[in-house]
Amino acid sequence: MTGDLLTAALDAVVHGWYVFPLRPGTKRPALHGERACPGTGPCAGGHRKWEERATNDPDRIRTAWSHAPYNVGIATGPSGLLVVDLDVPKDKGCSDAPDGATTFGALCERAGHTVPDTYRTRTPSSGGHLYFTAPSGVRMTNTAGTVADSVDTRAWGGYVVAAGSTTPAGRYEALCDRLAAPLPEWLHTILKPAPKPSQSPSEALTGQSRRYADVALAHEARNVATAQHGAREAALFRAARALGRFVAWGDLPRHVVEQALQEGGEAAGLSASECRSTLRSALNWSITHNQARRGTA
């Protein structure tokens, strides 16, 4: 058994993948956790997790697998892989939900493509893993259900169990000897994270029912930015005091007010340090003195 698993680990390395030992008969890493870290050996400079300790060095692999019949984990991030995990419903008897292979096949059909031809394995639960090489220069991470129902992905921060490993449920089997194909562009597009929202004041408040506070913020920021020489600091102080009540009432986040007025003050010609000092004192005063919302019916 140990010899078979060592062969499985070395076979993974032939593909250029990084491996680490999993506890015999399980899918759990065999390496110590942070709480149990001895601070010696590979961790002499600080705790190193399984992803950092994964290796493609045949000598280190032979040494590790000489101790026990470890299963083989493939660290997908260091290996340059994006693995699509086609899962099956956990309770087959009580659910008629389609499995991951079915939902992924339907997705491919809707996208106008066949299921990609690449290296793949079958899991003991009758699920499957499709291996792809990740795009260069892109740090992809794990996803759950982003692609389709019962379809997850593993990249940086994740790992998969290599073919040849065994659990009480059965054996992980390679279904072909193909190389991992490049991740299809259409699938990469689905996996790209949504763009981060703008941090501009008006967009930071999108979806909130604080229209008046939004308008007041834009108005005060404009007044500060257009203040004339000699009146700039006073305009900034008044604006911060006026808007501080919205911070106290929870209508505006403090950092949004500070950002808008800081930009307005610097646009008017004040230094960054002058703006920060004035904003801090004026906002602190206003927040302290406006804890109770006024003028409510």
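The model shown is predicted, which means the values in this text are computed figures rather than measured ones.

(A) The confidence of the model for the protein chain, seen in detail. Chain-level statistics for the protein chain give a pLDDT mean of 87 and a share of 89% at 70 or above. This stretch, residues 201–209, has a pLDDT under 50; its non-local contacts, to residues over four places away or in other chains, come to 13 contacts.

(B) The arrangement of the nonpolar core in detail. Judged by nonpolar contacts, the single largest core of 24 residues is most densely connected at Leu 217, Leu 236, Leu 243, Phe 246, Leu 252, Val 257 and Leu 261. For this core, the secondary-structure elements that each account for two or more residues are α7 (211–225), α8 (232–248), α9 (254–268) and α10 (272–288). Among the elements that line this core, the one with the most residues is α8, at seven residues. In terms of nonpolar packing, the next biggest core, distinct from the first, is built from 21 residues, Ala 68, Leu 81, Val 160 and Ala 180 among them.

(C) Inspection of the packing of α8 against α9 at higher detail. Close contact between α8 and α9 brings their axes to 10 Å; oriented N to C, the two are set at 165 degrees. When the interaxial angle is binned, α8 and α9 end up roughly antiparallel. Crossing of α8 over α9 shows right-handed handedness. Along the contact surface, α8 presents Arg 232, Leu 236, Ala 239, Ala 240, Leu 243 and Val 247, while α9 presents Arg 254, Val 257, Leu 261 and Ala 268. Looking at the contact of α8 with α9 residue by residue, the class counts come to eight nonpolar, no polar and two charged.

(D) Seen up close, the pairing of strand β2 (residues 71–75). The buried fraction of β2 amounts to five of the five residues, a majority that puts the element mostly inside the structure. With four bridges joining them, strand β1 (residues 19–22) and β2 adopt antiparallel strand pairing. Paired with Leu 22 across the strands is Asn 71, a residue of β2.

Parameters and conventions
- Residues numbered from 1 in each chain as written.
- Predicted model: local features only at pLDDT ≥ 70, side-chain atom pairs only at ≥ 80, totals over all residues.
- Heavy atoms only, no water.
- pLDDT = per-residue confidence, 0-100.
- Contact = heavy atoms within 4.5 Å.
- Core = buried A, V, L, I, M, F, W, Y, C linked by side-chain atoms within 4.5 Å.
- Buried < 20%, exposed > 50% of the residue type's maximum accessible area, 1.4 Å probe, protein only.
- Helix = DSSP H or I, 4+ residues; strand = E, 2+ residues; numbered from the N terminus.
- Axes fitted to C-alpha atoms, helices over the stretch in contact; angles between N-to-C directions.
- Parallel < 35°, antiparallel > 145°, perpendicular 65-115°, else oblique.
- Left-handed = near helix turned anticlockwise from the far one by under 90°.
- Nonpolar A, V, L, I, M, F, W, Y, C, P; charged D, E, K, R; others polar.
- Pairing = 2+ DSSP bridges.

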